[in-house]
Amino acid sequence: TCRSVLAARSTIHRVADLGRDPRAGFEATTYPLALVVSRRLPPPGHAVTLGLGDDAPVQPQSLWRDVPAWMTAPAEVQRIAARLGREHPRLIEQVSPQLGIKTGANLAFLDPPEELRDWCRPAVRGRDVRPFRASAGALLLWPADDRGVPWVRLPVPVARHLAEHIARLQRRADQHGGPWWQLFRTRASTAAHRVVWRDLARELQASLLPDPRVVPLNSCYVAAVSSAAIAESLVAWLNSGPIRALARLSAEPAAGGCSRFAGRAIGNLPLPAAVLGHPVLAAFTHAAADHDVQSALDDCATELLELSDGERDVLIG
C-alpha cells in the first residue's frame, strides 16, 4: 500500500538499495534503502534515479504504477516481464504454493534419538533441494497418520520424548486446538504428487518429491498437483532460464546475494495453459538426471512464452 501511494501521488527522486554499501553496515542482517520523495504529483515522463551517484541508472516512475513490487531491473526487462504478465495466466491461478511442514519446535521433532527412528519420516530442508533432485537430509518425528492427521494416542517411547518439550509445544503459535503433539501444514506436504523449491537461494531451484514418505520442511515451498505428468512438467518450467529470471525480478532480497522465492513471487510467474502436463517439459525432468538439459529447456520455455531470442537474452542477462 505504501509503495502504491508513493508511486501514484508523490515524486520519487531516488531509490537506492544500500544492502552492499559499507556506509550502511549494521551488526544485524538488514536490507537498508535510501528513498528521496517529494509530496507532489510527478511531472509527465518523470524518471527515478536508482542509486545515490550521479551516474546511477534511471527509469520512468510510471513503471511502478499498479505493480505489487518495485522492480529495479533495466526498463526493457520490466517491459518484457509486464507483457508476459498480461498475456499469460499466473501460476497461482492453477497451482497453490504453500510452505512445507512447520513443527514450531524443531528441537522436539527434528533428528530425534535413534530409538525413535521407527516413528520418523525422511525430511527435505531447503538446503537439500537442487534443480530436478532433492535428497532427504533430516529425520522428522511423525506422530500422525500418512496424511499428517495426529494420532489420538502416542506410543510410549514417543510420549516420553515429547513430554520433555510439552510446555514449549503447548505455547506454539499455531497450536489452536488439537493434540499438543501435532505438526502443522501437513496436507499439501503429504500429497501424492508434489513439487518443491528452496525458499532461500541464489536462483529458483525446483525438484520432484517422488517418494511418498519424504516430506518437505518449511524452509521449502511445496505445490501439490493432480498427476505425475503435471508435477514433472512444472519442475522443468520452474528450472527454465526465463522463469528463473522472472522469479528473481520479484523475489525479496536476502543475505549473501540470495533471494526468497516465496509463494507470492512464484505464484505471480506466467504459466501458459500448455505447460502443465506438457510432454516435452516432463521429458526434460526425466533426462536431467543423466544429461545437461538446460539449453534445450530454455529454448522450450522461450517458445511457450512466445519470447523472441533477443527478449530471452535480455531477460536472462
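Relevant structure appears above.
This text gives an overview of the structure that appears in the document. Predicted model, so just to flag it, every value in this text is computed and none were measured.

### Regarding the packing of aromatic side chains
Okay, step 1: Tallying each qualifying case throughout the model produces three aromatic pairs.
Okay, step 2: Judged by centre distance (4.6 Å) and plane angle (5°), the rings of Trp64 and Trp70 are stacked.
Okay, step 3: Relative to Trp181, the ring of Trp180 lies with its centre 5.2 Å away and its plane at 80°, an arrangement referred to as edge-to-face.
Okay, step 4: Sitting above the plane of the Trp142 ring, Arg121 keeps its charged end 4.7 Å from the centroid.

### What to know about the sheet that holds strand 9 (residues 138-141)
Okay, step 1: As summarised here, the arrangement of the three strands in space is 9-6-13, forming an open sheet in which the pairing is mixed. Edge strands, defined here as strands with exactly one partner in the open sheet, are strand 9 and strand 13 (215-216).
Okay, step 2: Pairing of strand 6 (residues 120-124) with strand 13 involves two bridges; the strand directions are parallel. Bridge assignment links Ala123 to a residue of strand 13, and that residue is Val215.

### Examining helix 6 (residues 228-238)
Okay, step 1: Burial of helix 6 is extensive: nine of the 11 residues sit out of reach of the surface.
Okay, step 2: For helix 6, the set of buried residues is Ile230, Ala231, Glu232, Ser233, Leu234, Val235, Ala236, Trp237 and Leu238.

The rules we used
Residues numbered from 1 in each chain as written. Predicted model: local features only at pLDDT ≥ 70, side-chain atom pairs only at ≥ 80, totals over all residues. Heavy atoms only, no water. Phe/Tyr/Trp six-rings, centres within 6.5 Å; stacked < 30°, edge-to-face > 60°. Lys NZ or Arg CZ within 6 Å of the ring centre and 35° of its normal. Pairing = 2+ DSSP bridges. Helix = DSSP H or I, 4+ residues; strand = E, 2+ residues; numbered from the N terminus. Buried < 20%, exposed > 50% of the residue type's maximum accessible area, 1.4 Å probe, protein only.

By themselves these figures say nothing about function.
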